[in-house]
Amino acid sequence: MAPAPRKIIHVDMDAFYASVEQRDDPALRGRPVVVAWRGNRSVVCAASYEARRFGVRSAMPAVRAERLCPHAVFVPPDFTRYKAVSRQVRGIFERYTALVEPLSLDEAYLDVTANAGGLPSATATAQAIRAAIREETALTASAGVAPNKFVAKIASDFRKPDGLFVVKPAQVEDFLAPLPVGRLPGVGAVMERRLAELGLQVVADLRTFPVDALEQRFGRWGRRLHELAFGIDERAVVAERPTLQVSAEDTFERDLLLAELEPHIRRMAEKAWSGYERERARDPDRIARTVVLKLKTADFRILTRSRTPPRPPASLAEFADLACGLRERVGLPTRTRYRLAGVGLAGFAGRDDPRTQARLFDDAPPAGDAARPLAAIEGWQRA
């Protein structure tokens, strides 16, 4: 007998940072608000729906946002305040289920297959959660309800802002069929173009394309695409994820040569080390073994370099020295200029884990490291 389908809710706060700003400053309500520092190197953290009507989007350069919406109100981000509201919303989630998997400050998955609120359905639970968020935070959230995580996440975007969309198990395939393949998780612009070259433009097209041919062209990811096209996603909601990396990064006022980066790398190392010490205070037995350097070139190419020394770095000075030393592995021309640098500690393991005491990598850069993508180092986040 097949197990009963899961009941998953994806909750996504509406224009979260901008909405907090508008809530706390009545003068901003109804106006196009852009949460970003001003400056040539700044990017948009969030945009209110009034600003989005002009094409302003998160991660867009702030100067472009200003050109698109000259009358926008720019507000510097206040992450301390946003985190406090996020904790408040998390408390609401936990009234209904212990299985809460945050994706960021403003969104999370909830498994309410067996909800603690005693409500008759996942739909009723989502309605109750959204009502509580509105009442207790004066903010709105959109939600998607579905039998798995990826369908729930797509569904939460269908009635934004302040909406609810439900996809029942029997509706999953019909719901997905007309969607562009770009709506599937992991399908970015490049993959979307490659699929279009094969005549695969909507999800229904993927179902008729031979799975073996997909796998031949895209490896295991091809088989995964075929599964997603049929709404198959067995990933569980994971309530607590261990820290993968503690890091800090900064964008420079002007592009710098590699030889000029040392003081900035050491400054970022200090911030990352402070985050690492906070992590160790919570769990002294978890030790980071790998030092990571992230760089972004003037033409926006991102690369990472990492090293796992014979023993984990035991001090800020040792960590900073290792991070600076990773510049030797960059392998780009000396005239290359960089707009951003970041430093991180990764490879967390328990104190008694053999990996903590053994050397996993030698000092030579791994094959292909000169073009190692950011995705190779999971969990990059600001300390």
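As shown above, the structure is provided for reference.
Quick summary incoming for the structure in this document.

Parameters at a glance
- Residues numbered from 1 in each chain as written.
- Predicted model: local features only at pLDDT ≥ 70, side-chain atom pairs only at ≥ 80, totals over all residues.
- Heavy atoms only, no water.
- Pairing = 2+ DSSP bridges.
- Helix = DSSP H or I, 4+ residues; strand = E, 2+ residues; numbered from the N terminus.
- Axes fitted to C-alpha atoms, helices over the stretch in contact; angles between N-to-C directions.
- Contact = heavy atoms within 4.5 Å.
- Buried < 20%, exposed > 50% of the residue type's maximum accessible area, 1.4 Å probe, protein only.
- Right-handed = clockwise from strand over helix to strand, strands pointing away.
- Polar contact = N/O pair within 3.5 Å; in protein donor to acceptor, adjacent residues only side chain to side chain.

## Considerations on the sheet that holds strand 10 (residues 286–297)
Part 1 of the reasoning: Across the sheet, four strands lie side by side as 9-12-10-11; this open sheet has antiparallel pairing. Taken across any chain shown, the strands that pair with only one partner, and hence form the sheet edges, are strand 9 (245–257) and strand 11 (302–307). Taking each pair of neighbouring strands and ignoring which way they run, the sheet shows an average axis angle of 20°.
Part 2 of the reasoning: Bridge count between strand 9 and strand 12 (residues 337–350): nine bridges; the pairing is antiparallel. Opposite leucine 257, over in strand 12, you have arginine 337 as the bridge partner.
Part 3 of the reasoning: Contacts from helix 12 (residues 262–282) reach strand 9, strand 10 and strand 12 within the one sheet, and its direction differs from that of strand 9 by about 165°.

## Points about the pairing of strand 7 (residues 141–146)
Part 1 of the reasoning: In terms of residue burial, strand 7 counts as a mostly covered element, since six of its six residues are buried.
Part 2 of the reasoning: Here strand 1 (residues 8–13) pairs with strand 7 via six bridges, running antiparallel. Across the sheet, the residue bridging to isoleucine 9 is valine 145, located in strand 7.
Part 3 of the reasoning: As paired strands, strand 7 and strand 8 (residues 164–166) are joined by three bridges and run parallel to one another. Its bridge partner lying in strand 8, glycine 144 is registered against phenylalanine 165.
Part 4 of the reasoning: Since strand 7 and strand 8 lie parallel, the crossover through helix 6 (residues 149–156) that links them has a hand, and here it is left-handed.

## Regarding the side chain of threonine 125
Part 1 of the reasoning: Turning to its location among the elements, threonine 125 is positioned in helix 5 (residues 122–137).
Part 2 of the reasoning: For threonine 125, a relative accessible area of 0% gives the class buried.
Part 3 of the reasoning: Within the structure, threonine 125 has its side chain in polar contact with the backbone oxygen of serine 121 (distance 2.9 Å).

## Some remarks on the environment of arginine 217
Part 1 of the reasoning: With respect to the helices and strands, arginine 217 occurs in helix 10 (residues 211–218).
Part 2 of the reasoning: Under the relative-accessibility criterion, arginine 217 is labelled exposed at 51%.
Part 3 of the reasoning: Considering only alpha carbons, one finds arginine 217 and arginine 194, 23 residues apart in sequence, at a separation of 10.0 Å.
Part 4 of the reasoning: Once residues within four sequence positions are removed from consideration, arginine 217 is found in contact with Arg194 and Leu198.

## Examining the sheet that holds strand 2 (residues 33–35)
Part 1 of the reasoning: Spatially, 3-2-4 is the arrangement adopted by the three strands of the open sheet, whose pairing is mixed. Where the open sheet ends on each side, the last strands, each with one partner, are strand 3 (46–47) and strand 4 (73–75).
Part 2 of the reasoning: Where strand 2 lies against strand 4, three bridges are found, and the strand directions are parallel. Note that in strand 4 the partner of valine 34 across the bridge is phenylalanine 74.

## Details of the environment of valine 75
Part 1 of the reasoning: When you line up the elements, valine 75 lands in strand 4.
Part 2 of the reasoning: When the C-alpha atoms of valine 75 and cysteine 45 are compared, they prove to be 10.0 Å apart, with 30 residues separating the residues in sequence.
Part 3 of the reasoning: Here valine 75 is in contact with Glu21, Leu28, Val33, Val34, Val35 and Ala36, once residues within four sequence places are set aside.

## Quick notes on the pairing of strand 1
Part 1 of the reasoning: Counting buried positions along strand 1 yields six of six residues, so the element is predominantly enclosed.
Part 2 of the reasoning: Across the two faces of strand 1 the burial is the same, with Ile8, His10 and Asp12 and Ile9, Val11 and Met13 all buried.
Part 3 of the reasoning: Judged from the five bridges that link them, strand 1 and strand 6 (residues 107–111) form a sheet pairing that is antiparallel. What sits directly across from isoleucine 8, in strand 6, is aspartate 111.

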